[in-house]
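Here is how the chains run, residue by residue.
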Amino acid sequence: MEISRCVKNWLPFVFVITLLNWGDLAYGQRSDPLESCEEPESPKIERADPPAPESMLPNVRDSRYWLSGQINFIFQTHPPFRAKYTGKNSLIPRYEKATSRVLTLYSGVRINNSGELLLDIEEAGGSALSTGLGVAGFPNLDIVRNPLLSKAPYVARAMFHKVFALSKDSIEAERGPLSLFEQLPRRRLEIRVGKFSMVDFFDQNPVGSDTRFQFLNWAIDNNAAYDYAADTRGYTVGGVADYEDRNWGVRFAEGLMPKVANGIDLVWQPWKAHAENFEFEIRRGVIPRKAGAIRLLGYTNYANMGIYREAVARFEAGIDPVPDITAHPWRTTRKYGFGVNLAQTLTPNLAAFARWGWNNGKTESFAYTEVDLTFAAGLGFYGSKWHRKHDRAGLAFVTNGIAKDHQNYLAQGGYGFLIGDGALNYGRENILESFYTAHVWRGIYVAPGFNSIVNPGYNRDRGPVVVPGFRLHVEF
């Protein structure tokens with residue numbers, strides 16, 4: 001039923017896809033459209049790239065088709081911790097344990113030399129500590145934040161991808177679930193239309209963007225102040241335009257917003273609710289002859305979002321018994337923010353990353369998490385140094401904050417979609433995470449790790465709390 005509903009929703013895109021494919025505009029009638037040309041020699045750039053994952057089954061190369069999958073189990077627990085009080089959105093202070101799972105089947109087919117269709121089916125289930133509440137930088141990005149959602153498989157991604165060549169020379173490309181091409185024009189325009197996750201293409205970082213092999217905390221793997229358009233499971237519907245040149249790129253995306261904060265249903269009237277996302281990328285390190293990248297992010301959301309100051313004013317006037325950010329008629333308000341994303345090779349087996357993010361903080365946190373200002377930094381280690389080429393390790397720190405209006409709302413007893421203790425003694429939420437991912441055999445990986453969280457939910461009256469965990473990942 002979920003798949004048939006999704007197909008019905010894609011009918012408006014058929015006309016767009018037909019136009020993009022008309023005449024194979026990207027490559028014309030050349031017999032070998034991706035023929036490479038000689039490149040002048042350039043100084044050798046040192047790179048610390050994450051190792052390519054091993055798979056249980058070999059990936060098919062030189063094929064129009066793609067079929068692969070992954071299974072990710074994450075077990076986490078925490079011992080009892082200090083809490084002067086507990087609200088309905090608090091991290092539970094008694095001992096807890098939880099196991100989540102995400103199973104994904106990736107598929108795709110190349111239509112021609114410049115177009116392809118991608119379809120992913122996913123199943124997410126299990127449970128989260130405190131049902132995913134109580135911490136803005138929650139320690140498990142895989143969890144579904146609505147425990148009442150169906151556990152049946154669903155369409156995660158369904159998109160059409162078109163490449164327009166803007167130069168004759170080409171570069172090698174790594175085939176994967178988001179692109180099946182082994183070569184791409186060096187200068188090109190890529191168009192994607194369909195269902196996807198905004199962070200498939202924005203705010204990417206080779207050290208901290210992958211819960212299968214790297215960090216688990218969603219304030220480390222993503223910019224926590226980036227309230228990107230998404231439903232509860234992290235997906236939206238829209239389009240992405242991505243221009244890529246030799247050492248830089250720029251991309252833009254338009255996506256649909258959910259009806260309510262953390263909601264599963266999207267608003268299908270884009271004139272009422274929509275999101276614009278912008279990113280400029282320079283592929284150059286800050287250390288000479290060492291690879292790196294700088295990505296500058298901006299976004300604007302328009303949706304039925306409340307205003308914290310107005311919710312507090314209604315409470316103080318005696319209209320609402322407690323501040324309620326959802327107590328308002330339908331209206332379109334605006335939320336915007338910015339981010340900086342850095343990646344830098346230090347040695348062939350060591351890379352660093354950093355993120356900074358800010359949003360206006362006056363408008364309701366709506367789609368990702370309740371963070372208005374964040375800074376994260378960390379290191380990624382690759383196992384070739386100790387003769388374990390498929391192993392990885394990482395250490396990262398993130399500090400999150402919220403704006404004054406957001407603080408007042410929580411202090412007066414208000415609740416967001418993720419946090420709220422019924423009161424607030426404000427302090428920044430500070431988190432340290434480490435992990436070690438060990439390759440066991442073929443596509444099997446195990447990863448012990450832990451999160452240490454100070455002031456969960458920005459509350460000095462609660463915590464600190466330590467969250468040890470264990471991940472089992474299978475790639476096939």
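Residues numbered from 1 in each chain as written. Predicted model: local features only at pLDDT ≥ 70, side-chain atom pairs only at ≥ 80, totals over all residues. Heavy atoms only, no water.

(A) A look at the confidence of the model for the chain. Looking at the chain as a whole, its pLDDT mean stands at 91, while 90% of the residues score no less than 70. Throughout residues 1-41 the model reports pLDDT below 50, and contacts reaching past four residues in sequence, or to other chains, amount to 58 contacts. (pLDDT = per-residue confidence, 0-100. Contact = heavy atoms within 4.5 Å.)

(B) Structural detail: helix α3 (residues 404-411). Asp405, His406, Gln407, Tyr409 and Leu410 are the residues of α3 that are buried. Of the surrounding secondary structure, the elements contacted by the buried residues of α3 are α2 (308-316). (Buried < 20%, exposed > 50% of the residue type's maximum accessible area, 1.4 Å probe, protein only. Helix = DSSP H or I, 4+ residues; strand = E, 2+ residues; numbered from the N terminus.)

(C) Structural detail: the pairing of strand β10 (residues 274-282). Relative to β10, strand β9 (residues 248-255) runs antiparallel, the two sharing eight bridges. For Arg251, the partnering residue across the bridge sits in β10 and is Glu279. With nine bridges connecting them, β10 and strand β11 (residues 292-303) associate as antiparallel partners. Its bridge partner lying in β11, Ile282 is registered against Ile294. (Pairing = 2+ DSSP bridges.)

(D) Spotlight on the nonpolar core. Residues Met198, Phe202 and Tyr226 are the most contacted members of the largest nonpolar core, which totals 68 residues. Once residues within four sequence positions are removed from consideration, Tyr226 is found in contact with Met198, Val199, Phe202, Asp203, Asn277, Leu297, Tyr299 and Tyr368. Counting residues in hydrophobic clusters, the runner-up holds five residues, among them Val102, Tyr154, Ala156 and Tyr235. (Core = buried A, V, L, I, M, F, W, Y, C linked by side-chain atoms within 4.5 Å.)

(E) Region of interest: the pattern of salt bridges. All chains considered together, the criterion is met by 24 salt bridges. With a shortest N-O distance of 2.8 Å, Asp391 and Arg388 are connected by a salt bridge. The class for Arg388 is partly exposed, based on a relative accessible area of 36%. (Salt bridge = Lys/Arg side-chain N within 4 Å of Asp/Glu carboxyl O.)

(F) Quick peek at unusual backbone geometry. Residue Pro464 is bonded to the preceding Gly463 through a cis peptide linkage, with omega at 5°. By secondary structure assignment, the location of Pro464 is in the loop between β17 (444-454) and β18 (465-475). With phi around 60°, His387 is a residue other than glycine that occupies positive phi space. In this fold, His387 is placed in the loop between β14 (373-382) and β15 (392-401). Phi angles above zero are rare outside glycine, and Arg442 is one such case at about 45°.

(G) Expanded view of the environment of Ser167. When you line up the elements, Ser167 lands in the loop between β4 (154-165) and β5 (170-172). Distance from Ser167 to Arg186, taken between C-alpha atoms, is 6.4 Å for residues 19 residues apart in sequence. Each residue touching Ser167, except ones within four places of it in the same chain, is listed here: Pro185, Arg186 and Arg187. At a separation of 3.0 Å, a polar atom in the side chain of Ser167 contacts the side chain of Asp169. A polar atom in the side chain of Ser167 sits 3.0 Å from the backbone nitrogen of Arg187. (Polar contact = N/O pair within 3.5 Å; in protein donor to acceptor, adjacent residues only side chain to side chain.)

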